[in-house]
Amino acid sequence: MNRPRILCNGLRRLAYNPAGPAGRRGYITDADVEGARNYCARELEKGDYDAHLIRRFAPPAHEMYTALRALNLELIRLPDIVSNPTIGLMRMEFWQESIDKTFAGEPPREPICIMLYQALQFMERFADDSDKKSIKFWISRLVRTREKHMDNRPFTSLAALEDYAENTYSTMMYATLASLGLRSMDVDHLASHIGKACGIVAVLRGVPLLAARGAPIKTPSGEAPPTREPSLLLPLDVMAEEGVKEEEVFRQGPNAPGLQDAIFKVATRANDHLITAREMLKRLRAGEDAGHDFEHQGEGAHVYDGAEEETDRARDLNHGFRVLLEATPATYYLERLEKANFDPFAVKPAGWRLPWRVWQALSKQQL
């Protein structure tokens, strides 16, 4: 009997587990990959429009970026879709185990894991094992941080909020850069500042959403009461300085005393990081140093072989610039927040101007 060759029929052996359960496919097909890609794209379009937009400009890190942002969105949603915190923790454990299996070459048949594995396979053309190890480190750090903040407690200080942003949004940027085989202290340094700004902006954007009571949880037996109570994640030190009280925000929304002053103070810190990143980029392109030390050098996977030559620096900045485009949506949100007099409840949608701003930033190679 003639048996068609697998590759001739569009099947791609991305992963194979001969010890898998009987009747369960051990390989992933081109159709599986395309389905995973479409699923992740749809989820980002519905739940993270900025990422949905940036992913279009992210090649050759397109698939890694898509997988990371879809995973991040899934982790953010967990408190709102589980019926109790214990189940949420179990889901976090599931994701960590799924990531471990994916890096071990046995991805679960889960769209995000399939997308991540596809990105890892693509990396083999130009990256080495150390890049994959660093990506696994960064993704695991993202999961641990999301698990730590599942209960939506306020940040104790503005510095604690920056740490959260570093361990989430900056971390996703580090993983995306590593997927390009790019190991550059200068580019990581830029990503650190931009990621911190993005993380702070995400918290500001979430104020109107989290201040409202959560939606009912859908279960097999019907709807269950929401497990998430209204919350306010603004740093406690800033809230104390401006006289902001959580209950007043829950009841009065934008009319709560001191809220807009607190938002202004937090937004200023995000803007400071973006200004620092722009100034750094100018200095680096002019052949100067960054102007200040990279505070995270030596931490985690931030280990570098040595000083970079200026020619390599120019190449690395060009190679990693698309990842740094995250700065554009953050900048545009802060501009709209300022126009709304720092009332997060009144910020207007980005509309068509955001795609144009991202394209302009890429064309001009400016943040």
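The structure we're discussing is the one just above.
Criteria and cut-off values
- Residues numbered from 1 in each chain as written.
- Predicted model: local features only at pLDDT ≥ 70, side-chain atom pairs only at ≥ 80, totals over all residues.
- Heavy atoms only, no water.
- Axes fitted to C-alpha atoms, helices over the stretch in contact; angles between N-to-C directions.
- Helix = DSSP H or I, 4+ residues; strand = E, 2+ residues; numbered from the N terminus.
- Parallel < 35°, antiparallel > 145°, perpendicular 65-115°, else oblique.
- Left-handed = near helix turned anticlockwise from the far one by under 90°.
- Contact = heavy atoms within 4.5 Å.
- Nonpolar A, V, L, I, M, F, W, Y, C, P; charged D, E, K, R; others polar.
- Disulfide = S-S within 2.5 Å.
- Buried < 20%, exposed > 50% of the residue type's maximum accessible area, 1.4 Å probe, protein only.
- Polar contact = N/O pair within 3.5 Å; in protein donor to acceptor, adjacent residues only side chain to side chain.
- Salt bridge = Lys/Arg side-chain N within 4 Å of Asp/Glu carboxyl O.
- Phe/Tyr/Trp six-rings, centres within 6.5 Å; stacked < 30°, edge-to-face > 60°.
- Lys NZ or Arg CZ within 6 Å of the ring centre and 35° of its normal.

### Regarding the packing of helix 5 (residues 111–123) against helix 6 (residues 129–148)
Interhelical geometry of helix 5 versus helix 6 gives an angle of 155 degrees and a closest axis separation of 11 Å. In this view, helix 5 runs roughly antiparallel relative to helix 6, as classed from their interaxial angle. Considering how the two elements wind past one another, helix 5 and helix 6 form a crossing that is right-handed. In this structure, helix 5 contributes Leu 116, Leu 120 and Met 123 to the contact, and helix 6 contributes Asp 131, Lys 132, Ile 135 and Ile 139. Counted by class, the contact of helix 5 with helix 6 contains five nonpolar, no polar and two charged residues.

### Quick look at the state of the cysteines
Scanning the model with the defined rule gives zero disulfides in all. Considering cysteine sulfurs only, Cys 40 is the nearest to Cys 113, which forms no disulfide, with 9.5 Å between them. On the accessibility criterion, Cys 113 (2% relative accessible area) is buried.

### Quick notes on the side chain of Thr 176
With respect to the secondary-structure elements, Thr 176 resides in helix 7 (residues 158–179). A relative accessible area of 2% means that Thr 176 is categorised as buried. A distance of 2.8 Å separates a polar atom in the side chain of Thr 176 from the backbone oxygen of Met 172.

### Considering unusual backbone geometry
Even without a glycine there, the phi angle at Phe 342 is positive, about 60 degrees. Counting through the fold element by element, Phe 342 comes out in the loop between helix 13 (327–339) and helix 14 (353–364). Even without being a glycine, Gln 365 presents a positive backbone phi close to 55 degrees. Assignment of secondary structure puts Gln 365 in the segment after helix 14.

### Re the pattern of salt bridges
For the coordinates displayed, the defined rule picks out 23 salt bridges. A salt bridge links Asp 32 to Arg 109; its shortest N-O distance comes to 2.7 Å. Residue Asp 32 is located in helix 1 (residues 30–47), and its partner Arg 109 is located in the loop between helix 4 (85–103) and helix 5; the two are separated by 77 residues in the primary sequence. The exposure class assigned to Asp 32 is buried, which follows from its relative accessible area of 16%. Exposure remark for Arg 109: the relative accessible area of 34% places this residue in the partly exposed category. For the salt bridge of Lys 196 with Glu 295, the shortest nitrogen-to-oxygen distance reads 2.6 Å. With Lys 196 in helix 8 (residues 185–210) and Glu 295 in the loop between helix 11 (259–285) and helix 12 (310–320), this residue pair connects regions lying 99 residues apart in the sequence. Taken together, the shared-partner salt bridges in this structure form one network comprising Glu 34, Arg 37 and Glu 63.

### Here's the deal with the packing of aromatic side chains
Across all of its chains, the model carries five aromatic pairs by this definition. Here the aromatic rings of Trp 138 and Tyr 174 are separated by 4.8 Å at their centres, their planes lie at 45 degrees, and the arrangement is tilted. Placement of Trp 138 in helix 6 and of Tyr 174 in helix 7 is noted, with a sequence separation of 36 residues between them. Centre to centre, the rings of Phe 155 and Tyr 164 are 5.1 Å apart; their planes meet at 50 degrees, and the pair counts as tilted. Classification of Tyr 164 by relative accessible area gives buried; the value is 9%. In this structure an aromatic cluster arises from ring pairing among Phe 137, Trp 138 and Tyr 174. Over the ring of Tyr 332 we find Arg 336, and its NZ or CZ is 4.9 Å from the ring centre.

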